[in-house]
Structures are given as structure tokens and as C-alpha cells.
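# Analysis of the macromolecular model
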Amino acid sequence: RRRRPTRRPPPPSGSSTVLIRADWIVPVVSPPLAKGAVLIRDGVIEAVGPVRAVEPPGGAIEIDLGEVILIPGLIDSHCHLEWALTAGVSKPAPFPAWLGGFAARSQELDMHHRERAARWGALMALVCGTTTVADSGPSGAASPAISEAGMRGTVHLEIFGREHGRDALDRAIQ
């Protein structure tokens, strides 16, 4: 008989301690655990082990995920959150031609659109299990998106070639 995930409502005090149970837990540094539990206090993993060995303190939020495999958050070491909504803006082509077309079209996006796309990209990353990113974008729009989504990450500028400023854009579009 299949078990459904259950969730107890959080206590009125707004506890910052959560116990998560799952049929399988895959820790980072030890073998997978059948019928495992993870205890998280103030956003830090405090204990991982068999359900019978990890007791929730009073007032903890308890979540039973049921028949799932709980894994650590994934890391995307090269992403472009602010381009999350740009699929199809450049015709398929070899990379240099595609990049030139993309660079030309991307100039049509203002900061408002880049920020909204970065927020969407961060949420989609979380849905797919990614909790940490290294974002390469030209505007920094990913920085607030990462923070607002509760993710971890870095934001840096990606540079192609030796040209600077408008010369770099013109060269990419050629």
C-alpha cells in the first residue's frame, strides 16, 4: 500500500526546527539510508540517520515525504538565470552565429524583464533540485533572485574576447 506524504502544520511559535522523513535518504558522506530522517535547526542540518535514531525536539515541524529518495541540493556551476525566458529568441545555428543573434536580441530586454526572468529561473532551478548556482550574466539580475528564492550562489560577469563595452557587443553580433 502506497504511503502519501503528510505534513503537520507548523506550531504557532514559528519553530525553526524541521524533521524530514523519507523512505530513502542519500547523505553526502555516507551510504544511502532506508527509512531515514534529517533534522534541520535554524537552516543547518543537525542530524541525519535512521528514523528511530533522529528524534524531533518539542515544537519541531515534522514532514513525512513518504516513498521518495531525498538527496542533497544540486549545484549548477554555470547558469544564466536572467536568460530563463529567452528560449527561441535566436535561430538554431553554430554557436558563434547563435550567440551573435542572441546578443543582438537580448539588448531588447530591460532590467525589469531580466529580473523577472531571473526570478523564474531561480524557481525552476529549485523545482529541479538545484539549490546552489554560479550565475554568469551581464546585469546582476540573478543576485536578488537567488536571495529571494532562498538559494545559495554567486553572480559574476561572463566575458568573451578582448573587446570592451560597445565594441564587445558589436563584435558578438557580427
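Below is a summary of the structure that appears in this document. These numbers come from a predicted model, not from an experiment.

Cut-offs applied
- Residues numbered from 1 in each chain as written.
- Predicted model: local features only at pLDDT ≥ 70, side-chain atom pairs only at ≥ 80, totals over all residues.
- Heavy atoms only, no water.
- Helix = DSSP H or I, 4+ residues; strand = E, 2+ residues; numbered from the N terminus.
- Buried < 20%, exposed > 50% of the residue type's maximum accessible area, 1.4 Å probe, protein only.
- Contact = heavy atoms within 4.5 Å.
- Areas by Shrake-Rupley, 256 points an atom, 1.4 Å probe, with all protein chains shown as cover.
- Patch = residues over 30% accessible without salt bridge, like charges linked within 9 Å, V, L, I, M, F, W, Y side chains within 5 Å.
- Salt bridge = Lys/Arg side-chain N within 4 Å of Asp/Glu carboxyl O.
- Pairing = 2+ DSSP bridges.
- Axes fitted to C-alpha atoms, helices over the stretch in contact; angles between N-to-C directions.

Attention now moves to the overall build of the protein. Secondary structure summary: the protein contains four helices and nine strands in total. Along the protein, from the amino end to the carboxyl end, the secondary structure elements read β-β-β-β-β-β-β-α-α-β-α-β-α. Taken over 174 residues, the protein has a buried fraction of 30%. The contacts of the protein with a sequence gap of at least 6 include a subset with a gap of at least 24, amounting to 55%. When the accessible surface of the protein is summed, it comes to about 11500 Å², and 58% of that surface belongs to carbon and sulfur atoms.

Taken together, Leu85, Trp120, Leu123, Met124, Leu126 and Val127 make up a surface patch of nonpolar side chains, about 560 Å² in accessible area. Using a relative accessible area of 42% as the deciding quantity, one classes Trp120 as partly exposed.

In this fold, Ile146 is placed in helix α3 (residues 142-148). Taking C-alpha positions, Ile146 is 8.2 Å from Val133, a pair spaced 13 residues apart along the chain. If sequence neighbours within four positions are ignored, Ile146 has contacts with Leu81, Val133, Met151, Arg152, Gly153, Thr154 and Val155.

What follows covers the environment of Arg21. With respect to the helices and strands, Arg21 occurs in strand β2 (residues 17-25). Setting aside its immediate chain neighbours within four residues, Arg21 contacts Gly36, Ala37, Val51, Pro56, Glu62, Ile63, Asp64, Leu65 and Gly66.

A word on the sheet that holds strand β7 (residues 74-79). The strands making up a sheet associate through hydrogen bonds between their backbones, and the pairing can be parallel or antiparallel. Pairing in this open sheet of three strands is parallel, and the strands run β7-β8-β9 from one edge to the other. Either end of the sheet is taken by a strand with one partner, and the two such strands are β7 and β9 (152-156). The sheet shows a mean angle of 10 degrees between the axes of neighbouring strands, taken without regard to direction. Where strand β8 (residues 130-136) meets β9, five bridges bridge the pair, whose relative direction is parallel.

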